Amino acid sequence: MSTHILPIEQYLSLDDNQCKPGIIAAKQALGNQLIILGHHYQRETVFKHADYTGDSLKLSRQASQSGAKYIVFCGVHFMAEVADILSGSEQIAILPDLEAGCPMADMANLKNVEQAWQDLSAIKPADEYITPVTYINSSAELKAFCGRHGGIVCTSSNAQQVLEWCFSQRKQVLFFPDQHLGRNTGYRMNIPLEQMVVWDFDKQHGGLAEKEINAAKIILWDGFCSVHQQFHPEHIDQFRANYPDGQVISHPECSFEVCQKSDEIGSTEYIIQAIKNSPTGSRWLVGTEINLVERLINESKLEGKFVHYMASVVCNCSTMYRIDPQHLLWVLENLANNNVVNQIEVSPQIKTQARLSLERMLEVSA
Ligand code: 13P
Ligand code: SF4
């Protein structure tokens, strides 16, 4: 390990273009010791340096299969944690900016999930009747909670397979933190809305009566992604009025009403493939994060397709794409100098339990 860590300050004054040659040179110097993973929501100036891009499931698989010593994640905190959990003990996961997080993931924490479990167990033994499911957008601690309670992780692309697995194990599901992914998926599995209740973690017993809890198939955590709540059914009505032949595709983190009015629902990777596989001349209204939609607009134009962003105003997920070329260059040049900065390390006990729930997911969605 070199003793001289290159400080971030000397990188912050560089503009994006000045960072590019340094990133390319550091990648070359590190060779196959390094892999850069980039989520579809990342800004173009870092996304273009990724060795692998994908949705959360694809990138988790990549992290579990890569033999690289350093896994640099252009994404958010929970993604780098997953990379650390699923990779080998000699591998090092790095998040170029430690502030890169998911506000929705923070809507559930171990304390309030433990409290909910305790409240539910007061009605009947939760470990016998309820499978806890955490969306991958959650802390390692919550994945570990699921691991030790016979639960599982899901992503937006395998939520249905995961829920089917859950119902083959136990009668009910506690789904956190995203209520919309849970509800949209449950409804597609023919679970009526009345059998999906919302657990308000600020209220005693989730604000629910025992009768409501017993009648529910899915108990949904009261969490949501604010980026996907900017899309409204009126946006879809307006688009359809202007373009009757157009198609609408939304991420399952969108509201129930938006998903009901959409022609297709799917993960970021699914959205990309659906547009890629559509014929020339197709027109799409897309309900997901702006960096991805802008990339789709530009790439589709070259293929004679038209992509529109669903909302009229853009409300960015600023914590999601905090990773910028300056921070990427900083971590890579440090690695090339044998310095590890911004390592994401999950404690051994949490790691073992979290790996259980992640491996169940990978198995179910193989
Ligand atoms: P995907 O798994 O569809 O990429 O969604 C991840 C996500 O929610 C990041 O916000
Ligand atoms: Fe989290 Fe939503 Fe941002 Fe994704 S877009 S990181 S779910 S807040």
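One can find the structure itself at the top, above this paragraph.
Residues numbered from 1 in each chain as written. Chains lettered and ligands numbered in written order. Predicted model: local features only at pLDDT ≥ 70, side-chain atom pairs only at ≥ 80, totals over all residues. Heavy atoms only, no water.

**Student:** Whenever I open this one, the overall build of the protein confuses me. Can you help?
**Tutor:** Along its length, the protein carries 17 helices and 13 strands. Relative to the 2.2 N^0.38 estimate, which gives 21 Å for 366 residues, the radius of gyration of the protein is 21 Å and therefore close to what a compact globule would have. C-alpha atoms of the protein, sized along the principal axes, occupy 60 × 55 × 35 Å. With 366 residues in all, the protein has 57% of them scored as buried. The long-range fraction of contacts in the protein, counting pairs at least 24 apart against all pairs at least 6 apart in sequence, stands at 69%. Accessible area for the protein stands at about 15,600 Å²; split by element, carbon and sulfur atoms hold 48% of it. When the 29 basic and 42 acidic side-chain charges of the protein are each reduced to a single mean position, those positions are 4 Å apart. (Helix = DSSP H or I, 4+ residues; strand = E, 2+ residues; numbered from the N terminus. Rg over C-alpha atoms; globule rule 2.2 N^0.38 Å. Buried < 20%, exposed > 50% of the residue type's maximum accessible area, 1.4 Å probe, protein only. Contact = heavy atoms within 4.5 Å. Areas by Shrake-Rupley, 256 points an atom, 1.4 Å probe, with all protein chains shown as cover. Lys, Arg positive; Asp, Glu negative; His and termini not counted. Charge placed at Lys NZ, Arg CZ, Asp CG, Glu CD.)

**Student:** Is there a simple way to think about helix H12 (residues 233–242) in this case?
**Tutor:** Since one α-helical turn is 3.6 residues long, residues separated by three or four positions face the same way. Inspection of H12 places Pro233, His235, Ile236 and Phe239 among the buried residues, and these make up the whole buried set. Along H12, the residues classed as buried sweep out an arc of 155° about the axis, all on the same side. Across from the buried face of H12, at angles greater than 90 degrees, the exposed residues are Glu234 and Ala241. As for H12, its buried residues are in contact with strand S10 (247–250), helix H13 (256–261), strand S12 (283–287) and strand S13 (306–309). (Arc of directions from axis to C-beta.)

**Student:** Looking at this model, I keep getting lost on the site of ligand 1. Mind explaining?
**Tutor:** Neighbouring ligand 1 are the residues His39, Tyr41, Asp55, Ser56, Tyr135, Asn137, Ser156, His251, Glu253, Ser267, Thr268 and Met320. Between ligand 1 and Asn137 there is a distance of 3.3 Å, counted from an oxygen atom to a side-chain nitrogen or oxygen. Residue composition of the shell around ligand 1, by class: three nonpolar, seven polar and two charged. (Near = heavy atom within 4 Å. Polar contact = N/O pair within 3.5 Å; in protein donor to acceptor, adjacent residues only side chain to side chain. Nonpolar A, V, L, I, M, F, W, Y, C, P; charged D, E, K, R; others polar.)

**Student:** Teacher, can you tell me more about the sheet that holds strand S2 (residues 52–54) here?
**Tutor:** The strands making up a sheet associate through hydrogen bonds between their backbones, and the pairing can be parallel or antiparallel. Read across the open sheet, the four strands follow the order S2-S1-S3-S4; overall the sheet is parallel. Looking at strand neighbours, the two that pair on one side only are S2 and strand S4 (92–94), the edges of this open sheet. Going from strand to strand, the sheet's axes swing by 20° on average, the running direction of each strand aside. Relative to strand S3 (residues 70–74), strand S1 (residues 34–39) is paired through five bridges, and the arrangement is parallel. Note on S3: the bridge partner recorded for Leu37 is Phe73. Contacting S1, S3 and S4, helix H5 (residues 77–86) runs over the sheet at an angle of about 160° to S3. (Pairing = 2+ DSSP bridges. Axes fitted to C-alpha atoms, helices over the stretch in contact; angles between N-to-C directions.)

**Student:** Got a minute to help me understand the pairing of S12 in this structure?
**Tutor:** Every other side chain in a regular strand lies on the same face of the sheet, so the side chains alternate between the two faces. Most of S12 is tucked away: four of the five residues are buried. Relative to S12, S10 is paired through four bridges, and the arrangement is parallel. Looking at S12, one finds that Gln247 is bridged to Trp284. As paired elements, S12 and S13 share four bridges and run parallel to each other. In the strand pairing of S13, Leu285 is matched with His308.

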